[in-house]
Amino acid sequence: MTFTGPAFVKWALPAALAAAALSIAAAAHAEVNVSVGVGGPVYYEPAPVYAPPPPVYYQPAPPVYYQPAPPVYYQQPPAYYRPAPSYYGPPPVAYGPGYRQGPPPAARPRMNDMQNRAMDNCALLAPREQPRCRATVMSTVR
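Not measured: the values here are computed from a predicted model.

## A look at the overall build of the chain
For the chain, the count of helices and strands is three helices and zero strands. Moving toward the C terminus, one meets the helices and strands of the chain in the order α-α-α. Here the chain, with 142 residues, has 7% of them falling under the buried criterion. Within the chain, contacts between residues at least 6 apart in sequence are counted, and of these 38% link residues at least 24 apart. Summed over its atoms, the accessible surface of the chain is roughly 14,300 Å², and 64% of this surface lies on carbon and sulfur atoms.

Right, here's the structure in full:
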């Protein structure tokens, strides 16, 4: 087979067009990567650095306002008074022009303040202990 110039060109052009069409059709369905290696500095991304999270800041609590406590009114405690002194002796008898009751002043025993207070406190005891208390107080009188 001999290839002559014009006949070769006559068949070479359609064959090149057919090959280009087939390669375009094949490239539409396949992923083609073209890489040209050029030497130079290579940059590598640094490794990730793990650090603790930043501190958490909380808003300070709002100020607390206390209102004063409501006024308290206390009832006055009941008052206790010592009982009126009582005289345990003979029934009163009228003496002299003013009709004073009780024995004459000279016949009454002389008691100081402490003895009078002790005699008044005898009235606070149980009824069965009162005579003994009065006798004890009277034993200290001159």
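## Remarks on helix H2 (residues 113-121)
For H2, the complete set of buried residues consists of Gln115, Met119 and Asp120. Around the axis of H2, the buried residues are gathered within 140 degrees of arc, so they sit on the same side. Projecting away from the buried face of H2 at angles above 90 degrees are the exposed residues Asp113 and Met114. Of the surrounding elements, those touching the buried residues of H2 are helix H3 (130-138). For H2, the N-terminal cap is Asn112; the gap from its side-chain oxygen to the backbone nitrogen of Met114 is 3.3 Å.

## Focus: the state of the cysteines
Enumeration over the complete set of coordinates arrives at one disulfide. One disulfide in the model links Cys122 with Cys133; its S-S distance is 1.9 Å. Here Cys122 and Cys133 share a disulfide; its torsion about the S-S bond, -70 degrees, makes the bridge left-handed. Of this pair, Cys122 sits in the loop between H2 and H3 while Cys133 is found in helix H3, placing the two residues 11 residues apart along the sequence.

## Some words on the pattern of salt bridges
In the structure shown here, the tally under the stated rule is one salt bridge. The salt bridge partner of Arg82 is Asp120, with a shortest N-O separation of 3.4 Å. Of the two residues, Arg82 is situated in the loop between helix H1 (5-29) and H2 and Asp120 in helix H2; the sequence distance between them amounts to 38 residues. Under the relative-accessibility criterion, Arg82 is labelled exposed at 56%. Given the relative accessible area of 11%, Asp120 is considered buried.

## Things to note about the confidence of the model for the chain
On average, residues of the chain carry a pLDDT of 78, and 72% of them reach 70 or more. The least confident element of the chain, judged by mean pLDDT, is H1 at 72; the most confident is H3 at 92.

## Quick look at the side chain of Arg134
Along the chain, Arg134 turns up in helix H3. At 10 Å, Asp120 is the nearest oppositely charged side chain to Arg134, a buried residue that forms no salt bridge. Ignoring any residue separated from it by four or fewer positions in sequence, one finds Arg134 in contact with Tyr88, Met119 and Cys122.

## Observations regarding H3
Because each turn of an α-helix spans 3.6 residues, side chains separated by three or four positions end up pointing in the same direction. When we look at burial in H3, the residues that qualify are Gln130, Cys133, Arg134 and Val137. Projected onto a plane normal to the axis of H3, the buried residues spread over an arc of 95 degrees and lie on a single side. Contacts from the buried residues of H3 go to H2.

Thresholds, definitions, all that
Residues numbered from 1 in each chain as written. Predicted model: local features only at pLDDT ≥ 70, side-chain atom pairs only at ≥ 80, totals over all residues. Heavy atoms only, no water. Helix = DSSP H or I, 4+ residues; strand = E, 2+ residues; numbered from the N terminus. Buried < 20%, exposed > 50% of the residue type's maximum accessible area, 1.4 Å probe, protein only. Contact = heavy atoms within 4.5 Å. Areas by Shrake-Rupley, 256 points an atom, 1.4 Å probe, with all protein chains shown as cover. Arc of directions from axis to C-beta. Polar contact = N/O pair within 3.5 Å; in protein donor to acceptor, adjacent residues only side chain to side chain. Disulfide = S-S within 2.5 Å. Salt bridge = Lys/Arg side-chain N within 4 Å of Asp/Glu carboxyl O. pLDDT = per-residue confidence, 0-100. Lys, Arg positive; Asp, Glu negative; His and termini not counted.

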